[in-house]
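Residue-level structure breakdown
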Amino acid sequence: MIVAAVYWLLGVLALPQVGLSAVFLISFIAATLLPLGSEPTVFAVISANPSLYWAVIAVATLGNSLGGVVDYWMGYYAKQTFAAERSSRWFAYLSRFGAKTMLLAWLPVIGDPMCTLAGWLKLPFWPSVMYMTIGKFLRYISMTWILLSLPDGFWRTLGEWFF
């Protein structure tokens, strides 16, 4: 039953009329603490419709940044949960460099928890959001450029190896 639901959801998200909303939703969810990557969705929508390049980049950046904002507020209100971890090097790093560390919010594995820790440390909200958005925007531009630079034959070969 779960497999059928996942296939149904993937089918709905693959429809052309929901391309941008799928990019937004997946980018938003990927920015929370859930392990999900949004780059394949961004790449797929841009590959299917190259005229939407900047719209997809903007929607993905917005969704991912808003997900980072959710992480920030979760951290802001979760002091008790992280109280024992206050002595970790990440707290010291974020305290020392402040909101500018949010430029690294795009990094896999550590980026989303950094947004949460920024909220816990009560780093300035708007500067944190600004740096977070810049970092995520640059990630989408660079990842999409790299993926689009690869020849189609590469993707066919890769698909043959795995499927």
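This text goes with the structure placed above it.
Here the structure is a predicted model, which is why all the values come from computation and not from measurement. (Residues numbered from 1 in each chain as written. Predicted model: local features only at pLDDT ≥ 70, side-chain atom pairs only at ≥ 80, totals over all residues. Heavy atoms only, no water.)

So, the overall build of the chain
Spelled out, the test is: Under the scheme used here, helices are H or I runs from DSSP no shorter than 4 residues and strands are E runs no shorter than 2 residues, and both carry numbers assigned from the N terminus. Each residue is assigned to one of three classes by its accessible area relative to the maximum for its type, calculated with a 1.4 Å probe on protein chains only: buried under 20%, partly exposed between the two thresholds, exposed over 50%. Surface accessibility in these figures is a Shrake-Rupley result with a 1.4 Å probe; residues are shielded only by whichever protein chains are displayed.
For the chain, the helix and strand inventory stands at nine helices and zero strands. When the helices and strands of the chain are placed in sequence order, the string is α-α-α-α-α-α-α-α-α. The buried share of the chain, reckoned over its 163 residues, is 37%. A total accessible area of about 10,000 Å² is found for the chain, and carbon and sulfur atoms account for 73% of it.

Some remarks on the side chain of T41
We apply this condition: Contacts between residues were defined by any pair of non-hydrogen atoms, one from each residue, lying within 4.5 Å.
By the element assignment, T41 lies in helix 3 (residues 39-48). Relative accessible area serves as the criterion here: at 18%, T41 is assigned to the buried category. Excluding its chain neighbours within four sequence positions, the residues that come into contact with T41 are A22, V23 and I26.

Focus: the packing of helix 2 (residues 19-31) against helix 4 (residues 53-76)
Test applied: Note on definitions: angles span 0 to 180 degrees between N-to-C directions of axes, and those axes are lines fitted to C-alpha atoms, for helices only across the stretch in contact. Working definition: roughly parallel below 35 degrees, roughly antiparallel above 145 degrees, roughly perpendicular at 65 to 115 degrees, and oblique for all remaining angles. Working rule for handedness: look at the near helix, and if it is turned counterclockwise from the far one by less than a right angle, call the crossing left-handed; if clockwise, right-handed. Only Asp, Glu, Lys and Arg are considered charged in this grouping, and only Ala, Val, Leu, Ile, Met, Phe, Trp, Tyr, Cys and Pro are considered nonpolar; every other residue, Gly among them, is considered polar.
For the pair helix 2 and helix 4, the least separation of the axes is 7 Å and the interaxial angle reads 30 degrees. In this view, helix 2 runs roughly parallel relative to helix 4, as classed from their interaxial angle. Note on packing geometry: the crossing formed by helix 2 with helix 4 is right-handed. Contact residues: helix 2 offers L20, V23, F24, S27, F28, A30 and A31, while helix 4 offers A55, V56, V59, A60, L62, G63, N64, L66, G67, G68, V70 and D71. Counted by class, the contact of helix 2 with helix 4 contains 13 nonpolar, five polar and one charged residues.

Some words on the packing of aromatic side chains
Put simply, the rule reads: Only the six-membered ring of Trp is used, alongside the rings of Phe and Tyr, when aromatic pairs are assigned; centres must lie within 6.5 Å, and planes under 30 degrees apart are stacked while those over 60 apart are edge-to-face, with the rest tilted.
Applying the stated rule across the entire model yields nine aromatic pairs. Relative to F125, the ring of Y72 lies with its centre 5.2 Å away and its plane at 65 degrees, an arrangement referred to as edge-to-face. With Y72 in helix 4 and F125 in helix 8 (residues 125-149), this residue pair connects regions lying 53 residues apart in the sequence. Grouping residues by exposure puts Y72 and F125 together as buried. Put simply, the rings of Y72, W73, Y76, Y77, F125 and W126 pair up and form one aromatic cluster.

Quick look at the nonpolar core
Here is the rule: In this text, buried Ala, Val, Leu, Ile, Met, Phe, Trp, Tyr and Cys residues form a nonpolar core when linked through side-chain atoms within 4.5 Å.
Among the nonpolar cores identified, the biggest contains 18 residues, and L94, M102 and L121 are the most heavily contacted of them. Those elements that place two or more of their residues in this core are helix 4, helix 6 (89-97), helix 7 (111-120) and helix 8. Among the elements that line this core, the one with the most residues is helix 7, at five residues. Judged by nonpolar contacts, the second largest core, of nine residues, contains V23, Y53, V56 and A60.

Focus: helix 7
Most of helix 7 is tucked away, with nine of its ten residues classed as buried. Within helix 7, burial applies to G111, D112, M114, C115, T116, L117, A118, G119 and W120. Note on helix 7: the residue one or two positions beyond its end, K122, has a positive phi of about 55 degrees.

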